[in-house]
Amino acid sequence: PAGHTQLTANDALYGGADRSGTFVAAIERGSDTGTIWAATGTGRVFVSKNGDAAAGSVTWTRIDTLATNDPNRFVSSIYVDPADANHAWISYSGYNANTPTTPGHVFEVRYNPGAGTATWTNLDGGTGPMGDLPTTDLVRDDVTGDLYASTDFGVMMLPGGNASGSWVSAGEGLPNVEVAGLTIVPGARKLYAATHGRSAWVLTLP
């Protein structure tokens, strides 16, 4: 709300001390001019629908409190659907063992600003893209709907982003190494993966 824009603060309008502290860890613009998604290192998630307004007029709605299954862990990335600014995929770092009642590393999130609701669908398939390992980044191939998640041991893919599907290794040849960042170039049909100390790699998409 206006006057309460410290997204990490111990602020009653943002849930008081619940998941307060740390810093803003991820931020992405929607496909329209006004929507912005943001998240913090403790798992708070916010959406602004007037991000194109003057700075003092921008307001945020906290949406992680609208769910019961989202982890209170570090949000490593947000990918916003280019066809629907209220639809996004969110990845989490950390381990399920640290939040046993709210497991998960990859979620599909649908926000309904009119109704003031949000649904969070766990896409881990039970244990996560590669077991109980932190997910470091997440991108979507908007042509096929495939999701790509990077972890400490490579890159996994969920065909069609289907919640009932299974994560598989994305291609061959990539070392078992931490992949810190993923970028898709849609026109070139290329997925680039930046690793920790093992160079950058490219995968040609179908």
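Residues numbered from 1 in each chain as written. Predicted model: local features only at pLDDT ≥ 70, side-chain atom pairs only at ≥ 80, totals over all residues. Heavy atoms only, no water.

1. Details of the pairing of strand S9 (residues 135-140)
Within S9, six of the six residues are buried, leaving the element largely enclosed by the surrounding structure. Relative to strand S10 (residues 147-151), S9 runs antiparallel, the two sharing five bridges. Following the sheet pairing, Thr135 is matched in S10 by Thr151. (Buried < 20%, exposed > 50% of the residue type's maximum accessible area, 1.4 Å probe, protein only. Helix = DSSP H or I, 4+ residues; strand = E, 2+ residues; numbered from the N terminus. Pairing = 2+ DSSP bridges.)

2. Notes on the pattern of salt bridges
For the structure on display, the rule yields eight salt bridges. A salt bridge links Lys49 to Asp32; the shortest N-O distance between them is 3.9 Å. Taken as a pair, Lys49 in the loop between strand S3 (45-48) and strand S4 (61-62) and Asp32 in the loop between strand S1 (24-29) and strand S2 (36-40) lie far apart in primary sequence, 17 residues in all. A salt bridge links Arg189 to Asp141; the nearest nitrogen and oxygen atoms lie 2.6 Å apart. Taken together, the positions of Arg189 in the loop between strand S13 (179-185) and strand S14 (190-195) and Asp141 in the loop between S9 and S10 put the pair 48 residues apart, joining distant regions of the chain. (Salt bridge = Lys/Arg side-chain N within 4 Å of Asp/Glu carboxyl O.)

3. Thoughts on the pairing of S14
Going residue by residue along S14, you find Leu191, Ala193 and Thr195 tucked away on one face and Lys190, Tyr192 and Ala194 left uncovered on the opposite face. Sheet analysis places S13 next to S14, joined by six bridges and oriented antiparallel. When the sheet's bridge partners are listed, Val179 is paired in S14 with Thr195. Hairpin geometry of S13 and S14 is characterised by an intervening segment of four residues between the two adjacent antiparallel strands and by a positive phi of about 55 degrees at Arg189.

4. Overview of the nonpolar core
Trp37, Val45, Ile63, Val75, Ile78, Ile90 and Trp120 are the most contacted members of the largest nonpolar core, which has 18 residues in total. Going through the elements one at a time, S2, S3, strand S5 (75-80), strand S6 (87-92), strand S7 (106-112) and strand S8 (117-122) are the ones with two or more residues in this core. Ignoring sequence-local partners within four residues, the contact set of Trp120 consists of Val45, Ile63, Asp64, Ala67, Asn69, Asp70, Ile90, Tyr92, Phe107, Glu108 and Val109. One finds Val139, Ala170, Val179 and Leu205 within the second-largest nonpolar core, a separate group that totals eleven residues. (Core = buried A, V, L, I, M, F, W, Y, C linked by side-chain atoms within 4.5 Å. Contact = heavy atoms within 4.5 Å.)

5. Focus: a nonpolar patch on the surface
There is a patch of nonpolar side chains on the surface, built from Val185, Tyr192 and Val202 and spanning about 250 Å² of accessible area. Along the chain, Val185 falls in strand S13. (Patch = residues over 30% accessible without salt bridge, like charges linked within 9 Å, V, L, I, M, F, W, Y side chains within 5 Å. Areas by Shrake-Rupley, 256 points an atom, 1.4 Å probe, with all protein chains shown as cover.)

6. Focus: the sheet that holds S4
Within the open sheet, the four strands sit side by side as S1-S2-S3-S4. Their pairing is antiparallel. A strand with exactly one partner marks an edge of an open sheet, and here the two such strands are S1 and S4. Sheet topology note: the S3/S4 ladder contains two bridges and is antiparallel. Residue pairing across strands places Phe46 opposite Arg62, the latter belonging to S4.

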